[in-house]
Amino acid sequence: IIAEFGKQWYQRRVRGTHAIIKNVLKEKKNLFVPYFNKDEMVMVKIEDEADYDSLPFDTYGVRQPTDYMEREHAISTTGLDLILCPGLGFTADGQRIGRGKGYYDNYLSKYVNVWGSQPYTVALAYSVQMLDEVPTTENDKQLDEVISIV
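Small disclaimer: the values here were computed from a predicted structure and weren't measured.

## Focus: helix H3 (residues 103-115)
At 3.6 residues per turn, the α-helix brings residues three or four places apart onto the same side.
Phase 1 of the analysis: Helix length check: H3 (13 residues) gives 18 Å between terminal C-alpha atoms against 18 Å at 1.5 Å per residue, within 8%.
Phase 2 of the analysis: Among the residues of H3, Tyr 103, Tyr 104, Asp 105, Tyr 107, Leu 108 and Tyr 111 are the ones counted as buried.
Phase 3 of the analysis: In the core, the buried residues of H3 are packed alongside strand E1 (31-36), strand E2 (41-46), strand E3 (82-84), strand E5 (96-97) and strand E6 (120-126).

## So, the nonpolar core
Phase 1 of the analysis: If you look at the biggest cluster of nonpolar residues, it comprises 18 residues, and the most contacted ones within it are Met 43, Leu 80, Ile 83, Tyr 104 and Tyr 107.
Phase 2 of the analysis: If we ignore the near neighbours within four places in the chain, the residues touching Met 43 are Phe 32, Val 33, Pro 34, Glu 72, His 73, Ala 74, Leu 80, Ile 83, Tyr 104 and Tyr 107.
Phase 3 of the analysis: Counting 11 residues, the second-largest nonpolar core is a separate cluster that includes Leu 25, Val 33, Tyr 35 and Tyr 68.

## Examining unusual backbone geometry
Phase 1 of the analysis: At Lys 28, a position not held by glycine, the phi torsion is positive, near 60°.
Phase 2 of the analysis: For Lys 28, a relative accessible area of 74% gives the class exposed.

## A look at the pattern of salt bridges
Phase 1 of the analysis: Enumeration over the complete set of coordinates arrives at six salt bridges.
Phase 2 of the analysis: Across the pair Asp 67 and Arg 71 runs a salt bridge, and its minimum N-O distance is 2.7 Å.
Phase 3 of the analysis: A residue is classified by how much of its surface remains accessible, and Asp 67, at 30% relative accessible area, is partly exposed.
Phase 4 of the analysis: The residue Arg 96 makes a salt bridge to Asp 105 at a minimum N-O spacing of 3.8 Å.
Phase 5 of the analysis: Given the relative accessible area of 10%, Arg 96 is considered buried.
Phase 6 of the analysis: Counted as one network, the salt bridges with shared partners bring together Lys 22, Glu 49 and Asp 53.

The rules we used
- For every chain, the first residue of the written sequence is number 1, and numbering continues from 1 onward in sequence order.
- In keeping with the predicted nature of the model, local features appear solely for residues at pLDDT of at least 70, side-chain atom pairs appear and are counted solely at 80 or more, and the whole-chain, interface and lining totals rest on all residues.
- For the side-chain quantities, the full set of heavy atoms in the structure was used; hydrogens and water were omitted.
- A run of H or I in DSSP becomes a helix once it reaches four residues, and a run of E becomes a strand once it reaches two; helices and strands are each numbered from the N terminus.
- Multiplying 1.5 Å by the residue count of a helix minus one yields the expected span of that helix.
- For every residue, the accessible area obtained with a 1.4 Å probe (protein chains only) is divided by the maximum for its type, and the residue is called buried under 20%, exposed over 50%, and partly exposed between those limits.
- Here a residue-residue contact requires only that any non-hydrogen atoms of the pair lie within 4.5 Å.
- Take the buried Ala, Val, Leu, Ile, Met, Phe, Trp, Tyr and Cys residues and link them wherever side-chain atoms come within 4.5 Å; each set so joined is a nonpolar core.
- Take a side-chain nitrogen of Lys or Arg and a carboxyl oxygen of Asp or Glu: if they are within 4 Å of each other, that pair is a salt bridge.

Right, here's the structure in full:
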């Protein structure tokens, strides 16, 4: 029951970013989306709205490219200005707890090694996700901003 609730909640949250994605593409800005494999995450370029709409859904209902090896990777080409980071819980000062695989934290570490600094990191959080504290380790990256949404 908990796993199914988590999946449904996550799908609602991802749908909430759909308008942001469509606006970025409409404005002809570069959009990179995450591709996850067993060991790491890479950010791959989406060419346009038709490209985004053609992406298959993964088991969480998230659009994810299957041809990620053929796509432009942000870390090795243009870099990134902003990353919207997911999470299960957040603090007002930018701490986050994810799903425990470290995909985003590891990606940000690799990014800093290549580019010298990390992109601006933001999370969109429901008020129920805002906590006084979350457990963190030395590997966890602090977000620049957490925006509480209704």
